[in-house]
There are 2 protein chains.
Amino acid sequence: MEQQLKSEISETLDRLFNPRAVAVIGASKNPGKWGFLIPLNLRIGGYEGKIYPINPKEKEILDLPAYPSIADVPEPVDLALVVVPPPKVPQVIRECGGKAKIALVITAGFGELGPKEKELEDDLARAAKEADIRVVGPNCNGVMCSSPTKLYALMPACFPRHEPISLASQSGNVGGIMLRMSMRRGCGFGKYVSTGNEADLHMEDYFEYFLDDPDTEVILSYVEGARDGKKLMEVARKVTRHKPIVMIKGGRTPAGTVAASSHTGSLAGSDAVFSAMCRQSGIILVDDMDELLDVALALKRQPLPKGKRVGILTTGGGLGVLSSDVCDNMGLEVVRLSDTTLRKLDAVLPPWWNRGNPVDLVAGLARSSVKGCLEALASAEEVDCIFMLGIGLGSSRAKILKDTPFYENPDLQKMIERSIEDELNSVRTVVECVETFNKPLLVVSDAAIGTEKDKETALEILESNGIYPYPSFRRAAIVMRHLIERQQFLQKIS
Amino acid sequence: MEQQLKSEISETLDRLFNPRAVAVIGASKNPGKWGFLIPLNLRIGGYEGKIYPINPKEKEILDLPAYPSIADVPEPVDLALVVVPPPKVPQVIRECGGKAKIALVITAGFGELGPKEKELEDDLARAAKEADIRVVGPNCNGVMCSSPTKLYALMPACFPRHEPISLASQSGNVGGIMLRMSMRRGCGFGKYVSTGNEADLHMEDYFEYFLDDPDTEVILSYVEGARDGKKLMEVARKVTRHKPIVMIKGGRTPAGTVAASSHTGSLAGSDAVFSAMCRQSGIILVDDMDELLDVALALKRQPLPKGKRVGILTTGGGLGVLSSDVCDNMGLEVVRLSDTTLRKLDAVLPPWWNRGNPVDLVAGLARSSVKGCLEALASAEEVDCIFMLGIGLGSSRAKILKDTPFYENPDLQKMIERSIEDELNSVRTVVECVETFNKPLLVVSDAAIGTEKDKETALEILESNGIYPYPSFRRAAIVMRHLIERQQFLQKIS
């Protein structure tokens, strides 16, 4: 019975993320209305199915024929997007019955406002049951699936490219920022859903779906309060054996709880209890949106470390000192390198190198020793995981020099070209190491975040290989700690 | 006597930062050598004084006539930049006597390597005393003064614009990254010096100079170990009454201390003792490079808050919840708004607004209520400081739409133009509020960091008014906490 129910949910949610046709109920010709902007985003995103605007007063909207009601649409639609005013929503849901599998209610003004409006939300839920239709929301900002349908049914104008990372968020605002952050970072998202007030479908339903979804490798979540905490944790326990769930919990403090109660209307329980439940269920709890994406990108690409013994390769002493401090504070061990490793490093570094960990590449223009150093650390028995600091400095010099008359000097040109080549070889070595040695290797660069114009070529090579540099050592160290905890969790349950 | 000594140091260091002429001893025609790249950076940066390359084997370097020795230079130079091999440095320093006021020794390979090389460093110090010349370094990466001399005598190719923030760093590598970060952030630096091993001039000498320097409003510092801890704290105590000192301390943990001892050769003492001394001396201790720049930018521009009562204006509920959590965790009070303030907000927000703090602007396209909301918070007696979250989303939609054929729709164009105008008005209001009300107002935007291409116009307006948005609420909250502590310190000593 449970098995059947589960596959039913999975099938329904597949209609949500990959609908063959979409109706927009409350579509509008007025660009100041979501009824205009949501189908507009669908069209800009290149949605591959059919779009049916529903509005009794219009003939066409965005060059698409409009229909007076969903009943008039000539074929069944999978997904109904609802943006009509709150009091009309239950009736619209009823009308969707038999025509749509699932409705996503953008409209706000339900349980989040107070007990009176909560009654309307209960009406909505009853209407859904009667019409045999599942409901996302209300009070949400849309759904996205970057592949294969290219569904960007969203309030914000966000069009991230595909990446096997999926997000379910109780806050549309947090979800929108995550999508935007991914675009800025040059990565993407596979599926996103704003779960809203969860009048019908709950967070755990999306977790179930993502578990079965071959296109999702890492599951992200923003939660303010669980509609059914016990069920959520039960499902999470089942999911996290196979795929990691990374979660931000909003409302962990008294001030946050007050804010949450006026936002999604959720009553957060004790933070200590919730954190303990998350730990037991294998949920990786993170503190903010940066950390959510940071951890997701590493889980997607990097092997898990066997332990907490860290090797650091740095392009400067100060960076090495600061990163060692961070490691100590975070319970990562800056391990003493074995004689075998030191000898390997002696072979590639100048005689005055510091013979310690962090391994300081020694100020200088040539980065030809990076390959030997990274391989020495990656093959060292005493090293579980590696950080590489300071990539991107060589090519930034090149970029500045190329715009000056001095670049006419052929020797300077040659030197610059060699330093770029050295840097490109360095990042190619990083990619090789991640693929060859079974150890996580996180790259830190202050040039990590920005648009293409801003990016060094070296960083582009890393990113096109799925390795996203972290803008600060602290952020990379936090990620490494989560990777270690994930490994420990999997060991414990195996 | 002390007064005279102090002014002597100030005068000497003015020759370091604003030299009328510079000699580069060890200049080279080989682009792979610092003897080439440092004068190259001087030229690219547009240094306004004369550059004298010193090399007995060359006639010219970088189109500048070369001289066999500094003695052959036809006029006194203020600053000698030294890049000759370590054993030659003491003799070169002697030769500078009478010709230069101050020498900056880039060359490494002194005390940081071990006791034998420390002897050479002592030789260097003795040579400086005998020749009556002050020395910066050795083992440093240069000096910078963006105005008026445009001196970029640096190993890294960094050319930040002017800003009344100055930095003295015991790590050239950390210093270089700070300069690069400032360029990426769109801000700048006034003066920068890499203090290196501090064989002669110490960190506190630069503090003294910055105290007297009318072009420095905020003093930044990276320290691994003080040559004379008591003196450093004495000077700091004198300085921080007038100008804030913000410091990163490298080597605060056992692992960091090990790394520091092989870097600058400094032996860090107890972290607890050092932290306590910093607190007493009014030094603002920060954890990393991002925080160093974050705090500097706020200290430069924002008034100090009278207390820790926070008002938050947010463009979404989830952001509000997460920021409330961060406030609680950091000891900031998300204050309950008074009836007076609530009534002012009622007048500008739709009837269903949340009537609480954070003030949620309510999802919607019009931002016309920002002005009224910010003014209500800024004038509220119960609010000491303000955060504004979510700027930059309106114009990001505009940017995407402008590239689509849909933009031909005149109504859509009008709507987009209005939303851009609303956003520009919002940031203009932010600038007005910072100037009118005596309360700090920190802006948070995930679009905060990147190059021009990446920047929304709204953010450019803020930045051209000296208001730099923070990329995450956490970073802004950490800054606010430091502003509060600075205010408390000034109150205590007044």
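Since the structure is predicted, the reported quantities are computational estimates derived from the model, not experimental observations.

## Comments concerning the overall build of chain A
For step 1, the next point in the chain: Across its full length, chain A carries 17 helices and 19 strands.
For step 2, the next point in the chain: The C-alpha radius of gyration of chain A comes to 26 Å, within 12% of the 23 Å expected for a compact globule of 494 residues.
For step 3, the next point in the chain: The principal-axis extents of the C-alpha atoms in chain A amount to approximately 80 × 55 × 40 Å.
For step 4, the next point in the chain: Split into buried and exposed, the 494 residues of chain A put 65% on the buried side.
For step 5, the next point in the chain: Of the contacts formed within chain A by residues at least 6 apart in sequence, a portion of 75% connects residues at least 24 apart.
For step 6, the next point in the chain: By element, 51% of the accessible surface of chain A is carried by carbon and sulfur atoms, the whole surface being about 18,300 Å².
For step 7, the next point in the chain: Of the side chains in chain A, 59 bear a positive and 65 a negative charge, and the two mean positions are spaced by 1 Å.

## Observations regarding the sheet that holds strand E2 (residues 50-54) of chain A
Residue and element names in this part refer to chain A.
For step 1, the next point in the chain: The sheet built from five strands is open, its strands ordered E2-E1-E5-E6-E7 with parallel pairing. The open sheet has two edge strands with one neighbour each: E2 and strand E7 (134-136). On average, each strand axis in the sheet is tilted by 20° relative to the strand beside it, whichever way the strands run.
For step 2, the next point in the chain: In this sheet, E7 lies alongside strand E6 (residues 102-105) in parallel orientation, the contact comprising three bridges.

## Comments concerning the packing of helix H10 (residues 289-301) of chain A against helix H17 (residues 473-493) of chain A
Residues and elements named next belong to chain A.
For step 1, the next point in the chain: The contact between H10 and H17 brings their axes to 9 Å, and the two run at 55°. It follows from the interaxial angle that H10 and H17 lie oblique. When the axes of H10 and H17 are compared, the crossing they make is right-handed. Every residue of H17 that contacts H10 at Asp 290, Glu 291, Asp 294, Val 295, Ala 298 and Leu 299 is listed here: Arg 475, Ile 478, Val 479, His 482, Leu 483 and Arg 486.
For step 2, the next point in the chain: Here the residues of the contact of H10 with H17 sort into six nonpolar, one polar and five charged.

## So, the confidence of the model for chain A
Residue and element names in this part refer to chain A.
For step 1, the next point in the chain: For chain A, per-residue confidence averages 91 on the pLDDT scale, and 94% of positions sit at 70 or higher.
For step 2, the next point in the chain: The model gives residues 450-454 a pLDDT under 50, and that stretch makes 15 contacts with residues more than four places away or in other chains.
For step 3, the next point in the chain: As scored by the predictor, the complex reaches a pTM of 0.94 and an ipTM of 0.93.

## What about the pattern of salt bridges?
Residues and elements named next belong to chain A.
For step 1, the next point in the chain: Considering all chains together, one arrives at 52 salt bridges over all chains under this definition.
For step 2, the next point in the chain: Of the charged contacts in the structure, one is a salt bridge between Glu 130 and Arg 94, with a shortest N-O distance of 3.4 Å. One end of the pair, Glu 130, is in helix H4 (residues 115-131); the other, Arg 94, is in helix H3 (residues 89-96), with 36 residues separating them in the sequence.
For step 3, the next point in the chain: For Glu 130, a relative accessible area of 56% corresponds to the exposed category.
For step 4, the next point in the chain: In this structure, Glu 432 and Lys 371 form a salt bridge, with 3.2 Å as the shortest nitrogen-oxygen distance. Pair noted here: Glu 432 is in helix H15 (residues 410-436) and Lys 371 is in helix H13 (residues 370-378), with a separation of 61 residues, a long-range link.

## Some words on the side chain of Asp 325 of chain A
For step 1, the next point in the chain: Inspection of the secondary structure assignment puts Asp 325 of chain A in helix H11 (residues 317-329).
For step 2, the next point in the chain: One buried charge, Asp 325 of chain A, has no salt-bridge partner; the nearest side chain with opposite charge is Arg 252 of chain B, at 6.3 Å.
For step 3, the next point in the chain: Among the polar contacts made by the side chain of Asp 325 of chain A, one reaches the main-chain amide nitrogen of Gly 251 of chain B at a distance of 2.7 Å.

## Re the relation of the copies chain B and chain A
For step 1, the next point in the chain: The transformation that overlays chain B on chain A combines an axial shift of 0.0 Å with a rotation of 180°, and the residual RMSD is 0.0 Å. One copy is carried onto the other by what is essentially a two-fold rotation axis.

## A few points about the nonpolar core
For step 1, the next point in the chain: Within the largest apolar cluster, 118 residues are counted, with the highest numbers of intra-cluster contacts made by Met 178, Leu 220 and Phe 387 of chain A together with Met 178, Leu 220 and Phe 387 of chain B.
For step 2, the next point in the chain: Ala 66 and Phe 210 of chain A together with Val 335 and Phe 406 of chain B belong to the second-largest nonpolar core, a separate cluster that totals 95 residues.

## So, the interface of chain B and chain A
For step 1, the next point in the chain: Taken together, the contact pairs 84 residues of chain B with 84 residues of chain A.
For step 2, the next point in the chain: Roughly 6,400 Å² is buried in total at the junction of chain B and chain A, and carbon and sulfur atoms are behind 62% of that figure.
For step 3, the next point in the chain: In terms of surface lost to chain A, no three residues of chain B exceed Arg 180, Arg 397 and Phe 406 of chain B, which account for 10% of the buried area on that side.
For step 4, the next point in the chain: Taken together, the links from chain B to chain A amount to two salt bridges.
For step 5, the next point in the chain: The partner of Arg 474 of chain B in a salt bridge is Asp 288 of chain A, with the nearest N and O atoms 2.9 Å apart.
For step 6, the next point in the chain: Along the contact surface separating chain B from chain A lie 17 residue pairs in polar contact (both at pLDDT 80 or more).
For step 7, the next point in the chain: Elements with a minimum of two residues in the side of chain B that touches chain A: helix H2 (34-44), helix H5 (172-185), strand E13 (245-249), helix H8 (254-261), helix H10 (289-301), helix H11 (317-329), helix H14 (393-402) and helix H15 (410-436) of chain B.

## Topic: the packing of aromatic side chains
Each aromatic ring pair is described using two quantities: the centre-to-centre distance and the angle formed by the ring planes.
For step 1, the next point in the chain: A complete count under the given rule lists twelve aromatic pairs over all chains for this structure.
For step 2, the next point in the chain: Look at Tyr 152 of chain B and Phe 159 of chain B: their rings are 5.3 Å apart centre to centre, the planes differ by 55°, and that puts the pair in the tilted class.
For step 3, the next point in the chain: Taken together through their ring pairs, the aromatic side chains of Phe 17, Tyr 209 and Phe 210 of chain A make up a single cluster.
For step 4, the next point in the chain: Over the ring of Phe 274 of chain A we find Lys 249 of chain A; its NZ or CZ atom is 5.2 Å from the centre of that ring.

## Overview of the sheet that holds strand E7 (residues 134-136) of chain B
Residues and elements named next belong to chain B.
For step 1, the next point in the chain: If you walk across this open sheet you meet the five strands as E2-E1-E5-E6-E7, and the pairing is parallel. With one partner strand each, in any of the chains shown, strand E2 (50-54) and E7 form the two edges of the open sheet. Neighbour to neighbour, the strand axes of the sheet diverge by 20° on average, direction disregarded.
For step 2, the next point in the chain: Taken together, the four bridges between strand E1 (residues 21-25) and strand E5 (residues 79-82) define a ladder with parallel strand orientation.

## Structural notes on the environment of Asp 294 of chain B
All names here are of chain B.
For step 1, the next point in the chain: Its place among the elements puts Asp 294 in helix H10.
For step 2, the next point in the chain: When its relative accessible area of 2% is taken as the criterion, Asp 294 is described as buried.
For step 3, the next point in the chain: When the C-alpha positions of Asp 294 and Val 479 are compared, they lie 6.6 Å apart, and in sequence the two are 185 residues distant.
For step 4, the next point in the chain: Setting aside its immediate chain neighbours within four residues, Asp 294 contacts Arg 185, Tyr 470, Arg 475 and Val 479.
For step 5, the next point in the chain: A distance of 2.9 Å separates the side chain of Asp 294 from the side chain of Arg 185, its partner in a polar contact.
For step 6, the next point in the chain: Reaching out from Asp 294, the side chain makes a polar contact with the side chain of Arg 475 at a distance of 2.8 Å.

## Regarding the pairing of strand E11 (residues 191-194) of chain A
Residue and element names in this part refer to chain A.
For step 1, the next point in the chain: Covered by surrounding structure in E11 are Lys 191 and Val 193 together with Tyr 192 and Ser 194, the residues of both alternating faces.
For step 2, the next point in the chain: Bridge count for strand E8 (residues 142-145) against E11 is three bridges, and the pairing is antiparallel. Bridge assignment links Met 144 to a residue of E11, and that residue is Tyr 192.
For step 3, the next point in the chain: Where strand E10 (residues 165-169) and E11 come together, four bridges link them in parallel fashion. Opposite Ser 169, over in E11, you have Ser 194 as the bridge partner.
For step 4, the next point in the chain: In this region the chain leaves E10, passes through helix H5 (residues 172-185) and returns to the parallel neighbour E11; the handedness of that crossover is right-handed.

## Some remarks on the side chain of Asn 55 of chain B
All names here are of chain B.
For step 1, the next point in the chain: Within the fold, Asn 55 resides in the loop between E2 and strand E3 (60-61).
For step 2, the next point in the chain: Here Lys 57 takes part through its backbone nitrogen, which lies 2.8 Å from a polar atom of the side chain of Asn 55.
For step 3, the next point in the chain: Among all residues touching Asn 55, those that are not within four sequence positions of it are Ala 27, Ser 28, Ile 61, Ala 66, Tyr 67 and Pro 68.

## Focus: the pairing of E2 of chain A
All names here are of chain A.
For step 1, the next point in the chain: Counting buried positions over the five residues of E2 gives four, a clear majority of the element.
For step 2, the next point in the chain: Pairing analysis gives five bridges linking strand E1 (residues 21-25) to E2, with the strands arranged parallel. Looking at E2, one finds that Val 22 is bridged to Ile 51.

Cut-offs used in this document
Residues numbered from 1 in each chain as written. Chains lettered and ligands numbered in written order. Predicted model: local features only at pLDDT ≥ 70, side-chain atom pairs only at ≥ 80, totals over all residues. Heavy atoms only, no water. Helix = DSSP H or I, 4+ residues; strand = E, 2+ residues; numbered from the N terminus. Rg over C-alpha atoms; globule rule 2.2 N^0.38 Å. Buried < 20%, exposed > 50% of the residue type's maximum accessible area, 1.4 Å probe, protein only. Contact = heavy atoms within 4.5 Å. Areas by Shrake-Rupley, 256 points an atom, 1.4 Å probe, with all protein chains shown as cover. Lys, Arg positive; Asp, Glu negative; His and termini not counted. Charge placed at Lys NZ, Arg CZ, Asp CG, Glu CD. Pairing = 2+ DSSP bridges. Axes fitted to C-alpha atoms, helices over the stretch in contact; angles between N-to-C directions. Parallel < 35°, antiparallel > 145°, perpendicular 65-115°, else oblique. Left-handed = near helix turned anticlockwise from the far one by under 90°. Nonpolar A, V, L, I, M, F, W, Y, C, P; charged D, E, K, R; others polar. pLDDT = per-residue confidence, 0-100. Salt bridge = Lys/Arg side-chain N within 4 Å of Asp/Glu carboxyl O. Polar contact = N/O pair within 3.5 Å; in protein donor to acceptor, adjacent residues only side chain to side chain. Least-squares fit on C-alpha atoms with pLDDT ≥ 70 in both. Core = buried A, V, L, I, M, F, W, Y, C linked by side-chain atoms within 4.5 Å. Buried area = accessible area lost by both parts, 1.4 Å probe. Phe/Tyr/Trp six-rings, centres within 6.5 Å; stacked < 30°, edge-to-face > 60°. Lys NZ or Arg CZ within 6 Å of the ring centre and 35° of its normal. Right-handed = clockwise from strand over helix to strand, strands pointing away.

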